[in-house]
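# What the coordinates show
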Amino acid sequence: MIKVHNIVIVGAGPADLYLSAYLSQNNIKYLLIEQAPITSSALGFGILVQDSLLNCLSKININIDDLNIPLINKFDIYYDAGNKVADINLDIPVYSTKRETLVKKIREKVNTENILYGNSVIDIIKNKNSYIIKLSDNKEIKSEYIIGADGIKSIVRSKFFYKKIVEVAYSGIYTWLKKESHHKMIGLYGKDTSILHWPVDKNESVALVITKSKIDISRPVQDIFNTLLKDENNKIKELSRHFNFDKPQLITLIRRIKQFKFIKNNIALIGDAAHGETPMLGWGTTVAVEDAYVLANQIINNNENISKAFKSYYSIRRERVKHLHTLTSLEENLFGINAKITIFRKPFFTLCKPINSFAYNKLRGLYRRVHNYNIDLC
C-alpha cells in the first residue's frame, strides 16, 4: 500500500529537524524520513554559532542560555615555524557549541509523530505530477513535494540535479582535545597540515586537522596523525599531544558543491544537499538552518501554491549562498589548501609580517557584512 503525503522531507540533521519543528508550529503537514533510529545521537563535534542562527532558533523558542555556549572573542594565527602572524580581535559575536547539543534542543521542539525513523530512501521515481519514494523496508510513499535535507551525499540531489557537481576540496580529521577550553580560535599553518582549534564548552575544545593529502581511512587514527604531523612545527606537535584518542574521531573527505541550483520542479534542497560548503568558514549549520527558516516561511505564506514557495526560497537564498562560497574559498586559500596559492603564502607572511594583523582585521569587514544578515527580512 502506498501512503500519501503532500510534503516529504528527507533527512534529520539540524536543518531538517528545524524545518520540521517550524512547520509543525504553524500547522503545516509533512512527513520527515530519517535513516537513523530514533535513539541515535548526532555526531558531537563543535559547530560555530552566529547571530542569524540564534535568531532562527528563537522562532521555535530555543534561546542562547539553552545551549551553554562559550563566546569566542579572538582568533590567533600561527605560521610554519610556530610564529604568530596575526592577532585578530573579533568584533562580531561568534559562539560555539556541540552539534549534538543543538540537535537535541531542536529535536525537543519536533512533533515526532511526523518522523519516520530507521528508514533509508533507496530510490525516488517521478510519476506525472508526483513522486514515488521507495524505502529500505520496501514501503513506498507518494508525495507531490520533496525537500532534500540529506547532506552532501544527497540522494534527492543525485536523482534530480546534475550528477557531477560535488568535488573533494581536502581531507580532514575532527578530534577532541584533552586540554581545557579557552575563549579564542587558533589557526596553525603547517608545512603540509593545518589545524583549526576552538572551544565548545568551558572544559572542552575540538580541532579540525586539514591536509591536502589523501587519508587512508583503513589505518588507526593515531597512526594517521603520527604520519601527518611528524615533520610539522613544534606548535602543531604541542597541540597534537592533547588529542583525546579515548573519544571518537571523524575522518572525512571535505566536499564542496560547485553549482548553486537548488530547486527543480517540486524539489527543493536545503543545507549541504543544496550548497555544501567546506567547514573552513564555520557557517555550515547556520546557513542550513537559515535555509530551513526561509523555506518554511515561504511554505507557510504560500501554502496553496508550494511550487511558488520553492521558487521564492531559491530567489531569496542564492545570493547569500554565493557570497558565503566566495568567503569559504578565500579562507581555504589563506589556509594553504589551494596548492596554487601555497607557494605565495610564505613570502607573503615573511615580507608582510608587520601588517599581517592589520590586513586580517581589515578582512573582518567582509565577515561583518555576512554576519549582519537580517533573517527577518527574508
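### Some remarks on the pairing of strand E1 (residues 2-10)
In the case of a regular strand, side chains alternate between the two sheet surfaces. With 8 bridges connecting them, E1 and strand E9 (residues 140-148) associate as parallel partners. Within the sheet, the bridge partner assigned to Ile-2 lies in E9 and is Glu-140. Relative to strand E2 (residues 31-33), E1 runs parallel, the two being bridged by 3 bridges. The partner of Ile-9 across the bridge, within E2, is Leu-32. On the question of chirality, the crossover connecting E1 to the parallel E2 by way of helix H1 (residues 14-25) is right-handed.

### Let's talk about the environment of Pro-199
Here Pro-199 lies in strand E12 (residues 193-201). With relative accessibility at 0%, the residue Pro-199 sits in the buried group. Along the chain, Pro-199 and Lys-184 lie 15 residues apart, while their C-alpha atoms are 7.4 Å from each other. Sequence-distant contacts of Pro-199, that is, excluding residues within four places in its chain, are made with Pro-70, Ile-72, Ser-96, Ser-181, His-182, Lys-184, Glu-204 and Ser-205.

### Considering the environment of Lys-126
Residue position: Lys-126 is located in strand E7 (residues 121-127). When the C-alpha atoms of Lys-126 and Lys-142 are compared, they prove to be 9.9 Å apart, with 16 residues separating the residues in sequence. For Lys-126, the residues in contact, after removing those within four places along its chain, are Tyr-131 and Phe-160.

Conventions used here
- Residues numbered from 1 in each chain as written.
- Predicted model: local features only at pLDDT ≥ 70, side-chain atom pairs only at ≥ 80, totals over all residues.
- Heavy atoms only, no water.
- Pairing = 2+ DSSP bridges.
- Helix = DSSP H or I, 4+ residues; strand = E, 2+ residues; numbered from the N terminus.
- Right-handed = clockwise from strand over helix to strand, strands pointing away.
- Buried < 20%, exposed > 50% of the residue type's maximum accessible area, 1.4 Å probe, protein only.
- Contact = heavy atoms within 4.5 Å.

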